[in-house]
Amino acid sequence: MANLEEEKRIDQAQFRDHLSTVNEDGKRNWIFPKKPSGRYYTARNILAVFLLAFFFSGPFITINGNPLLLLNILERKFVIFGVAFWPQDFHLLLLGSLVFILFIVLFTAVFGRLFCGWACPQTIFMEMVFRKIEYWIEGDSAAQIRLNRAPWDFKKLRKKVTKHTIFFGMAFLISNMFLAYIIGKDQLFEIITDPPSEHIAGLSSMIIFSGLFYGVFAFMREQVCHFVCPYGRMQSVLLDNNSINVMYDYVRGESRASIKDRYQLENRKATLEDLGFSANETFGDCIDCYQCVKVCPMGIDIRNGTQLECVHCTACIDACDSVMEKIDKPRGLIRYSSENAIREEKQKVFTPRVAGYSGILLILLTTFITLLTLRPDTETTILREPGTLYQELPDNRYANIYNVKILNKTFNEMPVEIRLESPEGEIVSLGSVDSIQPQNSAEGRFMVQLYQENLSGYQTELTFGIYSGNEKLETVTSGFLGPGNSTNN
Ligand code: SF4
Ligand code: SF4
């Protein structure tokens, strides 16, 4: 960890030109954030308990028999909040993704990275699970630094081995839950209970994901937010001067002076010039105590302004509030605010940009909900059997043979019936479909017989209705081949 005086110099002079987690030799500056405490940290803890409970129980929650969330890329099955999406619903998934992305853009334009600090799984697991385990085993920031600098002995080895064993156990648990969201809980259970030889691929994924999560939370940590997360990279284009961020009130805080300097000036033990200030310097509320920097898990100084690295974890707000209380100043020197609110004391949320995003979001959302509501529970294809012509039957009737494939998108077994709606004619089953298993498809064959007077030349368009009981699910069309000279004209 870089020494504090050196950090001060770098931060104030060139903080935008270097990364807080990389030293001048290009090596990693390991961050040892001080354990936070305060009202925001308490609120985040409470929310984290709910979110973690939700994450771990998610695979077991069902809505109308459907899992809450299933993202099975291999089998191309997707369930989002109990609504199943099939490859045939690709347009809906695409539209839903657009709605989601635009919602993030709009939310970020107004509230900055609120999501990162309060609800992002990376932050929740890092700060509320792995970091807490680290504090519990190795102690607070200063104790961790001491332990890291100490030579290897039994105590250090014991602490490190215990920590990393628990870390890997947690990573294994997270990887199992993660897989449950991808392949479903039943398949995960089979992987765990069946002989390993039957699920080599499943077990390999489990080990790979465990290693990945262990690497992320034990070693990569804030680097994931800095370099991997695409959302973090987009901040600079999403935020503007009205966006609400964790901000240092520089109008109130500057110029900074330490308690020691203020004491010396007040007691005439030193002059402004002696302490390196200009002759007409006036001081704000920041006492330059660096508590806000010491608690920051990203290793930045929020007093330098909005920065790409800041995940809005609010630890600096809590730290500064407790300092302000101690020196009898109002809380909120660091707080949720916007550049305009601090500089001009004007907080504007509904800007033209936000109005534009909201309008587009509303249109996309309405289209998405309409398409989703109108989407049938089945997907049916009826095609004339390839390579066949029409058959001539007695009484001026003609017949074509059809293949039918019906996909049941629901999670319930579904009785189905195919009815010919136009023109008038008859369906003769040749092993047709009458019931389809949940999330499955069924295929069959049938014959359509039409009287000559109902034909329209070579090609007659047939309209079928797909019914489940009395409920019509879909309308499907197909062509009927007839004799060209036998029209009803
Ligand atoms: S600057 Fe403050 S809010 Fe941002 S990451 Fe650091 S401690 Fe959290
Ligand atoms: S905690 Fe508050 S008073 Fe201390 S350095 Fe940070 S902003 Fe200044």
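Our subject is the structure listed above.
Quantities reported herein were computed from a predicted structural model and do not represent experimental measurements.

## Section: the nonpolar core
- With 31 residues, the main nonpolar core has Ile302 and Ile334 as its most contacted residues.
- Where this core is concerned, the elements lending two or more residues are helix H4 (114-118), strand S6 (245-248), helix H15 (291-294) and helix H16 (315-326).
- Setting aside chain neighbours within four positions, we find Ile334 in contact with Val246, Met247, Tyr248, Cys292, Ile302, Cys316, Ile317, Cys320 and Asp321.

## A look at the site of ligand 1
- Surrounding ligand 1, one finds 13 residues, the nearest of these being Cys296, Cys310, Cys313, Thr314 and Cys316.
- A breakdown of the residues in the shell around ligand 1 according to their chemical character gives eleven nonpolar, two polar and no charged.

## A short note on the sheet that holds strand S12 (residues 417-422)
- Strand order in this open sheet of three strands is S12-S16-S17, and the pairing throughout is antiparallel. In this open sheet, the two strands that pair with only one neighbour each are S12 and strand S17 (471-481). Direction aside, neighbouring strands of the sheet carry axes that sit 30° apart on average.
- Here S12 runs beside strand S16 (residues 459-468); their pairing, made up of five bridges, is antiparallel. Across the sheet, Leu420 pairs through a bridge with Phe464, a residue of S16.

## A word on the sheet that holds strand S4 (residues 77-80)
- Taking strand neighbours across the sheet as the criterion, the three strands line up as S3-S4-S5 in an open arrangement whose pairing is antiparallel. Because the sheet does not close on itself, it has two edges, and the strands there are strand S3 (69-72) and strand S5 (83-85). Averaged over neighbouring strand pairs, the angle between their axes works out to 25° when direction is ignored.
- Inspection of the sheet shows S4 paired to S5 by three bridges, in the antiparallel sense. In the strand pairing of S5, Val79 is matched with Ala84.

## Notes on unusual backbone geometry
- Here the residue pair Glu254 and Ser255 is connected by a cis peptide bond, since its omega of -10° sits within 30 degrees of zero.
- Tracing the chain through its elements places Ser255 in the loop between helix H13 (250-253) and helix H14 (259-266).
- The omega torsion across Ser422 and Pro423 is -10°, close enough to zero to call that bond cis.
- Structurally, Pro423 can be placed in the loop between S12 and strand S13 (426-429).
- You will see that Asp288, though not glycine, has its phi angle at about 55°, which is positive.
- Turning to its location among the elements, Asp288 is positioned in the loop between H14 and H15.
- With phi around 60°, Asp328 is a residue other than glycine that occupies positive phi space.
- As for its placement among the helices and strands, Asp328 is situated in the loop between H16 and strand S7 (334-337).

Thresholds applied
- Residues numbered from 1 in each chain as written.
- Chains lettered and ligands numbered in written order.
- Predicted model: local features only at pLDDT ≥ 70, side-chain atom pairs only at ≥ 80, totals over all residues.
- Heavy atoms only, no water.
- Core = buried A, V, L, I, M, F, W, Y, C linked by side-chain atoms within 4.5 Å.
- Buried < 20%, exposed > 50% of the residue type's maximum accessible area, 1.4 Å probe, protein only.
- Helix = DSSP H or I, 4+ residues; strand = E, 2+ residues; numbered from the N terminus.
- Contact = heavy atoms within 4.5 Å.
- Near = heavy atom within 4 Å.
- Nonpolar A, V, L, I, M, F, W, Y, C, P; charged D, E, K, R; others polar.
- Pairing = 2+ DSSP bridges.
- Axes fitted to C-alpha atoms, helices over the stretch in contact; angles between N-to-C directions.

Coordinates in, geometry out; function isn't part of it.
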